[in-house]
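Summary of structural features
The chain contents come next:
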Amino acid sequence: QSKYKGSNGIERNTAYNGNYILNVLAGKEIRLSKKNTIAFDSKVTFAGGKRYTPIDLEASRLYKREVRILGETFDSQFDPYFRLDFKVTYRRSGKKITQEWFVDIQNITNRKNIFLQSYNIDKGAIVTQYQLGLFPNFNYRVNF
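What follows is about the pairing of strand S8 (residues 98-106). Burial along S8 is one-sided: the face carrying Thr98, Glu100, Phe102, Asp104 and Gln106 is buried and the face carrying Gln99, Trp101, Val103 and Ile105 is not. Where strand S7 (residues 81-93) lies against S8, 8 bridges are found, and the strand directions are antiparallel. Bridge assignment links valine 88 to a residue of S8, and that residue is valine 103. Summarising the sheet, S8 and strand S11 (residues 135-143) pair through 9 bridges and their orientation is antiparallel. Following the sheet pairing, isoleucine 105 is matched in S11 by proline 136.

This is the structure:
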């Protein structure tokens, strides 16, 4: 829990109170030879949605700027956050250096987790921005 008490004496959630989070990590490393290894790693994150203060759409249209409902500060919560990552690493060990090639696929399910909502003056509507979707990351690393 992450809460605060304002000067008005009312206890409220903070932006960081998702109520829960679960991270599960798993991996397996297989030695192919004395110098070569392959590894498989995965990570699953499941968390309560991010807290936010709702936008007063009518007031925002009237004043032509984003107006939040301050009496409901961080009372609302986006849908739960889910992300699955998977990584495959090939490692070659030498006497002086170790080389690694890996493919790290983040958010493999391409889940659209909400990052924030804001008022768009031109559209006169609330727009939603999402966090990064499926993201393949290819890397080469030298350790010495």
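Below, the discussion takes up the pattern of salt bridges. Summed over all chains, the structure comprises 7 salt bridges. Between aspartate 85 and arginine 83 there is a salt bridge, with the nearest N and O atoms lying 2.9 Å from each other. Taking relative accessible area as the criterion, aspartate 85 reaches 12% and is therefore assigned buried. The network of salt bridges with common partners includes Glu29, Arg91, Glu100 and Arg141.

This part is about the sheet that holds S8. With antiparallel pairing, 5 strands are arranged side by side in an open sheet as S3-S4-S7-S8-S11. The strands lining the two open edges of the sheet, one partner per strand, are strand S3 (21-31) and S11. With direction set aside, neighbouring strand axes in the sheet form an average angle of 15°.

Positive phi outside glycine occurs at lysine 64, with the angle close to 55°. Summarising the element assignment, lysine 64 is placed in the loop between helix H1 (57-63) and strand S6 (76-77). Non-glycine residue phenylalanine 74 carries a positive phi angle of around 55°. Within the element layout of this structure, phenylalanine 74 appears in the loop between H1 and S6.

Calculation rules
Residues numbered from 1 in each chain as written. Predicted model: local features only at pLDDT ≥ 70, side-chain atom pairs only at ≥ 80, totals over all residues. Heavy atoms only, no water. Buried < 20%, exposed > 50% of the residue type's maximum accessible area, 1.4 Å probe, protein only. Helix = DSSP H or I, 4+ residues; strand = E, 2+ residues; numbered from the N terminus. Pairing = 2+ DSSP bridges. Salt bridge = Lys/Arg side-chain N within 4 Å of Asp/Glu carboxyl O. Axes fitted to C-alpha atoms, helices over the stretch in contact; angles between N-to-C directions.

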